[in-house]
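Here are the chains, one letter per residue:
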Amino acid sequence: RGVQAHRLCPPRGAGSSLEPEERGMEPPAVPEEEEEEEEAVPLSVAPGPVGCQLFGYVGIEAVLDQMKIKTMKTGFEFNIMVVGQSGLGKSTMVNTLFKSKVSRKSSQSGQEERIPKTVQLQSITHVIEEKGVKMKLTVTDTPGFGDQINNENCWDPIIKYINEQYEKYLREEILITRKRKIPDTRVHGCVYFVPPTGHWLRPLDLEFMRRLSKIVNVVPVIAKADTLTLEERAEFKQRIQEDLKTHAISVYPQEDFDQDPEDRALNDRIREKIPFAVVGADQEHQVNGKRVLGRKTKWGIIEVENPAHCEFPLLRDLLIRSHLQDLKDITHNVHYESYRVRRLNESNRPG
């Protein structure tokens, strides 16, 4: 390589006339003229470790613009599931997350809500547009989860629903003539709301996250964190982290799927904060001349977008700003892939 640094792409046949004995020998000494020529070559022209360097502008970076334009035209899909007991603010949190009325309650205005006797899954789909980017958002709520005296196997309808979406995608994928773009209804993220008890995780919480973390990305949050003091909140978070570690429950972002050192460093900082202590609000209030989302109490206004008041901004950044595409990639490449392999093995099994 040092001999041919002044060439951009060395010919394939160079040196092919050498005998086998000569090939194993050390390369001949480089003449002084070639050494001087090698030193005079600028770094921008010298060949890199892979491939050839470019002399001038080609326009490869325009691929990013092409992808952006195409994505803005077609839009993309994001499916999120919220799980938790009634009264923990799931619907309010979703409305706060997307700053839009996208929850189950907002679509049933004027109707009296009745707590179902069993877990019933309800999905609401909206198209949200921001600065020309369209997102087809599907929110799946789970009313009735954990509300009964006997909550045995209350996670079965949720597991069944998630697997049904994988099955629907698989059936479209294995067709001989399939659609150019397969409709994606798979659940990309499941936000689990932990009651703000201030003690330990309940057996119901542990069993749910243990089962669901194997088939979907689970993000635990402490609901209605304004009911806890800062000291109680920090102690509760530490106990939850210990419980998750003791029971080997891997919540999102999983350590096994970190791609490079930069991703690992970012995800390590996120894992230190999980579960996020969040507060939801869908009403605006006047604070220092500005309109902010928050909850008004007797002693002041809790600003949901203020990191000093709650960790809602961290949850929003994780789900939307920094890890939305990663949630979709892990769903497709890990969770859906394991389901696909299992189903194809079952269909190929004799008898």
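Scroll up to find the structure.
So, how was this worked out
Residues numbered from 1 in each chain as written. Predicted model: local features only at pLDDT ≥ 70, side-chain atom pairs only at ≥ 80, totals over all residues. Heavy atoms only, no water. Phe/Tyr/Trp six-rings, centres within 6.5 Å; stacked < 30°, edge-to-face > 60°. Helix = DSSP H or I, 4+ residues; strand = E, 2+ residues; numbered from the N terminus. Buried < 20%, exposed > 50% of the residue type's maximum accessible area, 1.4 Å probe, protein only. Contact = heavy atoms within 4.5 Å. Core = buried A, V, L, I, M, F, W, Y, C linked by side-chain atoms within 4.5 Å. Lys, Arg positive; Asp, Glu negative; His and termini not counted. Salt bridge = Lys/Arg side-chain N within 4 Å of Asp/Glu carboxyl O. Pairing = 2+ DSSP bridges. Axes fitted to C-alpha atoms, helices over the stretch in contact; angles between N-to-C directions.

Asker: Please set out the packing of aromatic side chains residue by residue, giving values where relevant.
Answerer: Here the distance between the centres and the angle between the planes together describe a pair of aromatic rings. One pass over the structure, following the stated rule, counts six aromatic pairs. Measuring from ring centre to ring centre gives 6.1 Å for F145 and Y192, while their planes differ by 85°; the resulting arrangement is edge-to-face. Of this pair, F145 sits in the loop between β3 (133–141) and α6 (156–173) while Y192 sits in strand β4 (residues 189–194); the two residues are 47 residues apart in sequence, bridging distant segments of the chain. Across the pair, exposure class does not vary: F145 and Y192 are buried alike.

Asker: Lay out helix α7 (residues 203–212) with the relevant residues and their values.
Answerer: What α7 keeps buried is the set L204, D205, L206, F208, M209 and L212. Buried residues belonging to α7 abut β1 (76–83), α6, β4, β5 (218–222) and α8 (230–246).

Asker: Account for the environment of I159, with residues named and values stated.
Answerer: Along the chain, the position of I159 falls in helix α6. Distance from I159 to F208, taken between C-alpha atoms, is 9.7 Å for residues 49 residues apart in sequence. Those residues in contact with I159 that sit more than four places away from it in its chain are R211, L212 and I215.

Asker: Quick one: what's the story with the nonpolar core, residue by residue and with numbers?
Answerer: Grouped together as the largest cluster of nonpolar side chains are 74 residues, with contacts concentrated most on F208 and L212. With seven residues, the single largest contributor to this core is α6. Those residues within four positions of L212 in sequence are excluded, and the remaining contacts are W155, I158, I159, I162 and V218.

Asker: Outline the side chain of R233, listing residues and values.
Answerer: Tracing the backbone through its elements, the reader meets R233 in helix α8. Buried and without a salt bridge, R233 has E311 as its closest oppositely charged side chain, separated by 4.7 Å.

Asker: Can you explain the sheet that holds strand β8 (residues 290–297)? Please cite residues and give values.
Answerer: The antiparallel open sheet is built from three strands, whose spatial order is β7-β8-β9. One side of each edge strand has no neighbouring strand; the edge strands of this open sheet are β7 (284–287) and β9 (300–303). Ignoring which end each strand starts from, the neighbouring axes of this sheet average 70° apart. Relative to β8, β7 is paired through four bridges, and the arrangement is antiparallel. Residue Q286 lies in a different strand from β8, and its bridge partner there is R291.

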